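So you can see what is in the structure, the chains are spelled out below.
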Amino acid sequence: MSKPVAFDPALSGAAEPFALSRRSVLRMALMTGAMLAVPGVFAQGASPQRGGTLTIGADADPIGLDPTTLTAFSSFDFTSLIYSGLLRWTPDMQIEPDLAVSYEQPDDTTYVFKLREGVKFHNGQDFSAEDVKYTFDRILDPATASRLRTQYSNVTSVTVIDPLTVEFKLATTDAAFLNYLATNPDGVVVPRGVEGINENPVGTGPFVFQSYQPNQQLTLTANPDYYEEGQPYLETVIFRFHRDQSTLTSALRSKAIDMTWLKDPRVAGQIARTSPDLVSAPGQTSRTFPVWLNMKDGPLTDVRVRQALSLATNREACVAAVLGGSGKVGAMLPESQVGGYDGVSELPYYKHDPEQAKALLAEAGYADGIDLGEYIVVAANPLDVACAQILQQQWAAAGITVAINPMETAPLLAMWTQGTYPTLLSVALSWSPDPDAILQRLVSTGAFGQAQGMADTELDAMITAARAEIDPAARAEKHQEIQRRIAENAYVLQIYQYPLRWELWWNYVQGYEPLAANIRSYVRTAWRSA
C-alpha cells in the first residue's frame, strides 16, 4: 500500500476532511441526522420551528438558472437551494456527501460513487446514475458551451455501473476534482431529458422553483420530497430585488426583509455596529477586482504596454480610497483560495512607478502617450465604478487615456466571455472552489483564454501541472510560479481583494450558516423563532 497523502486545506484550497491513500479504498460515511447538526446551526436550547416565510433582500436578479450554462454569480444563490450535487461544503468548508452516500477510489484516476436511494427531482422524476452521466456529458459537450467544460476537462468518461453507482475516469491525478463536485452550481446534477431549465429549473434541492418576476422577486417553496428528513423547516423563501445598498439597508432596518448582504464593507460594518439585534457575518476575503486585457490585436499585444499599465497602477491607493482599508492588494489567487501565500510584494510590475511606465510606453512607440479607448465596468457595482475612476486618473498621469463605460451586467458578461470588448474590462471574480478554477480562465485553449487572446503554452503547461499536483506544499509553490508569470507578462491587472459580501440577518432567523462561497445553501437548515 502506498503512503497516504494528507491534504492541508489552508495550503491547497482542497478542503479534504480526511487523508487520501492512493490505490486504496476511500470511504465517506453514510450521512445521519447527527452529521447534519453542524456547529452553530441551532441556537442553544432552541428547537427548530416549522413553517413561515424567509424574505431575503437580493442585490441582483438571476441571469439564467441552468447550472451548466450560467456564468453570473448572481444566479448562484438560487441554484444553491434548487439543485444539489454528489458532494457539498460544510460551514467550515469541508467536503461531505450529498446525493452520493459514499465513494471509493480504486486507483489514482478513478472515482466510483454510490448514490442515495429514493431521491426524486422536483418534477417527480427518479434520480439515478443516468442523470449524473447526462449532466457531465452535457458539460463536456462543446455544443453546450459550458464554462464548466475546462474545469472538468480531465474527465475522460462517466460510466453508469448500475442505477445507483457511477464511475468517473480521469486522465491524470487531479487535486481540484472533488472541490468542483462539492460546489454549487459547478457540481450539481440536472435531470436528463428535461428542457427549459434555464427559465424553469428542476433540481433535487430543498426548495422548488415557484415563480420569478424580473426586478421584483423570486419565490421558492419547500420540497416535500427532500431527502434529508425534517428539512427544510421554512415553507417559503422569497428573494426581493433591490438595486442599490440604500434600499437594501432601509428594507433590512424596517424588517421588510429578514436577511441580506452588502457589497460595501464600510456600509455593512456601520449597520452592524448600530443594530445589536442583527447577526453580522463579514465573510472571507474572496473577491478580486481585475482588469481583463483584450490581447487579440491592438496595442495590448505588446507586453511593454501591458507592463506600463501595471506600473501606472497604484493598488494601495485604490484599497485605501475605495475600500477604506477593508481589503488588500490582490494577486491572481486571493488569500481565501490559496491559504495566504499570495505574496504580492514579490510580484513583478506591482510597484507603482509612473516614470518607468512612461519609459516602457516610449520603447513601444508611444512616447506621447496612448489612448486605449473604452474601459468597461459593471454599472450596478458602485465600488467597481469608483475603482475604475481612480485607475483612470492614475493611468492618465503616466500618459495612458481611457474612457470609462459603465454597462449592465448581462451584456458585459457576454462581451467578456466572447472577447468582444475593445481593450479593457473589469468583471470581478467571486469565490471559486479551487485555484484552478481561476487559472483556467487564462489557458490558451480554453474559451476564456481564447476570448482574451492568450497564447502562452508554457503557462498552460504550468497550470496543468499544478492541477495534477496533490502534494499541498508542492502545489502551493507551483501556484506562486504561475502568479509570477502572469504578473511578469501583465496578462491581467489584479487590483485588490476583499470579502465578496457581508451578510446580515435579524436574530429571529436561526439555524443559518454563512459560507465562504457566499451562497445560501444553509437556508435549508434555517427557521424563524418569531
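Identification of the protein as Peptide/nickel transport system substrate-binding protein from Devosia enhydra is taken from an unreviewed UniProt entry. A UniProt comment under Subcellular location (unreviewed entry) is attached to the protein, and it reads "Periplasm". Regarding the protein, the UniProt comment filed under Sequence similarities (unreviewed entry) reads as follows: "Belongs to the bacterial solute-binding protein 5 family."

Caption draft 1: Just the overall build of the protein, in detail. Scanning the protein from terminus to terminus reveals 16 helices and 21 strands. Buried positions account for 59% of the 530 residues belonging to the protein. Here the analysis covers contacts within the protein between residues at least 6 apart in sequence; of these, 71% occur between residues at least 24 apart.

Caption draft 2: Examining the pattern of salt bridges more closely. Overall, the coordinates contain 25 salt bridges when judged by the stated rule. Between R243 and D61 there is a salt bridge, and its shortest N-O distance comes to 2.7 Å. Of this pair, R243 sits in the loop between β10 (236-241) and α5 (245-253) while D61 is found in the loop between β1 (53-58) and α2 (76-82), placing the two residues 182 residues apart along the sequence. Among the residues examined, D61 registers a relative accessible area of 9% and is labelled buried. For K120, the salt bridge identified is with D126, shortest N-O distance 2.6 Å. D126 gets classed as partly exposed once you look at its relative accessible area, which sits at 47%. Several salt bridges share partner residues, and in doing so they unite R88, E96, D98, E228 and R524 into one network.

Caption draft 3: Broad picture of the sheet that holds strand β11 (residues 259-262). In spatial order, the strands read β8-β9-β10-β1-β11-β19-β12; together these 7 strands make up an open sheet with mixed pairing. The strands lining the two open edges of the sheet, one partner per strand, are β8 (207-213) and β12 (278-281). Across this sheet, the average inter-strand angle for adjacent strands is 20°, counted without regard to direction. α5 contacts β1, β11, β12 and β19 (502-506) of the sheet and is inclined by roughly 150° relative to β11. In the packing of helix α6 (residues 265-274) onto the sheet, contacts are made with β11, β12 and β19, and the angle to β19 comes to roughly 25°.

Caption draft 4: Representation of the packing of helix α7 (residues 303-311) against helix α10 (residues 354-363). Look at α7 against α10: their axes get within 8 Å of each other, and the N-to-C directions meet at 165°. When the interaxial angle is binned, α7 and α10 end up roughly antiparallel. Relative to α10, the crossing made by α7 is left-handed. Where α7 approaches α10, its residues R304, V305, Q307, A308 and L311 are matched on the opposing element by P354, Q356, A357, L360, L361 and E363. Split by residue class, the contact of α7 with α10 holds 7 nonpolar, 2 polar and 2 charged.

Caption draft 5: Representation of the packing of aromatic side chains in the model. Inspection of every chain in the model, using the stated rule, returns 23 aromatic pairs. The interplanar angle of 85° and the centroid separation of 6.1 Å between the aromatic rings of Y212 and F241 together place this pair among those described as edge-to-face. With a gap of 29 residues between them, Y212 in strand β8 and F241 in strand β10 connect regions that are remote in the sequence. Residue class for Y212 comes out partly exposed when judged on its relative accessible area of 28%. By relative accessible area, F241 is classed as buried at 8%.

Caption draft 6: Here's a closer look at the packing of helix α8 (residues 315-323) against helix α11 (residues 382-396). One can describe the packing of α8 onto α11 by two numbers: an axis separation of 10 Å at closest approach and a directional angle of 140°. Classified by the interaxial angle, the pair formed by α8 and α11 is oblique. Considering the relative orientation of α8 and α11, their crossing is right-handed. Contacts between α8 and α11 involve A317, C318, A321, V322 and L323 on the former and, on the latter, L383, A386, C387, I390, L391 and Q394.

Caption draft 7: Fine view of the pairing of strand β6 (residues 155-162). As paired elements, β6 and strand β7 (residues 165-170) share 6 bridges and run antiparallel to each other. Each bridged residue has a counterpart across the sheet, and for V155 the counterpart in β7 is L170.

Caption draft 8: Looking closely at the confidence of the model for the protein. Per-residue pLDDT for the protein has a mean of 88; in total, 90% of the residues score no lower than 70. Across residues 1-44, where pLDDT falls below 50, the model places 108 contacts with residues more than four positions away in sequence or in other chains.

Caption draft 9: A look at the sheet that holds strand β18 (residues 492-499). Across the sheet, which stays open at both edges, the 6 strands sit in the order β14-β18-β13-β17-β15-β16 with mixed pairing between neighbours. Strands at the two margins of the open sheet, each flanked by one partner only, are β14 (328-329) and β16 (400-407). In the sheet, β14 pairs with β18 via 2 bridges, with the strands oriented antiparallel. Across the sheet, the residue bridging to K328 is Q497, located in β18.

Caption draft 10: Here's a closer look at α11. Between its terminal C-alpha atoms α11 stretches 21 Å, which fits the 21 Å expected from 15 residues at 1.5 Å a residue. Every buried residue of α11 is listed here: L383, D384, V385, C387, A388, I390, L391, Q394 and W395. Among the residues of α11, the N-terminal cap falls to N381, whose side-chain oxygen and the backbone nitrogen of L383 are separated by 3.0 Å.

Caption draft 11: Fine view of unusual backbone geometry. Note the cis peptide between N184 and P185, where omega equals 15°. One can find P185 in the loop between α4 (177-181) and β8. Q231 connects to P232 through a cis peptide bond whose omega is -5°. Its location among the elements puts P232 in the loop between β9 (217-222) and β10. Of note in this structure, N215 is not a glycine but carries a positive phi near 70°. Assignment of secondary structure puts N215 in the loop between β8 and β9.

The rules we used
Residues numbered from 1 in each chain as written. Predicted model: local features only at pLDDT ≥ 70, side-chain atom pairs only at ≥ 80, totals over all residues. Heavy atoms only, no water. UniProt positions renumbered as here; feature names shortened; annotations may be inferred. Helix = DSSP H or I, 4+ residues; strand = E, 2+ residues; numbered from the N terminus. Buried < 20%, exposed > 50% of the residue type's maximum accessible area, 1.4 Å probe, protein only. Contact = heavy atoms within 4.5 Å. Salt bridge = Lys/Arg side-chain N within 4 Å of Asp/Glu carboxyl O. Pairing = 2+ DSSP bridges. Axes fitted to C-alpha atoms, helices over the stretch in contact; angles between N-to-C directions. Parallel < 35°, antiparallel > 145°, perpendicular 65-115°, else oblique. Left-handed = near helix turned anticlockwise from the far one by under 90°. Nonpolar A, V, L, I, M, F, W, Y, C, P; charged D, E, K, R; others polar. Phe/Tyr/Trp six-rings, centres within 6.5 Å; stacked < 30°, edge-to-face > 60°. pLDDT = per-residue confidence, 0-100. Expected span 1.5 Å × (residues − 1). Polar contact = N/O pair within 3.5 Å; in protein donor to acceptor, adjacent residues only side chain to side chain.

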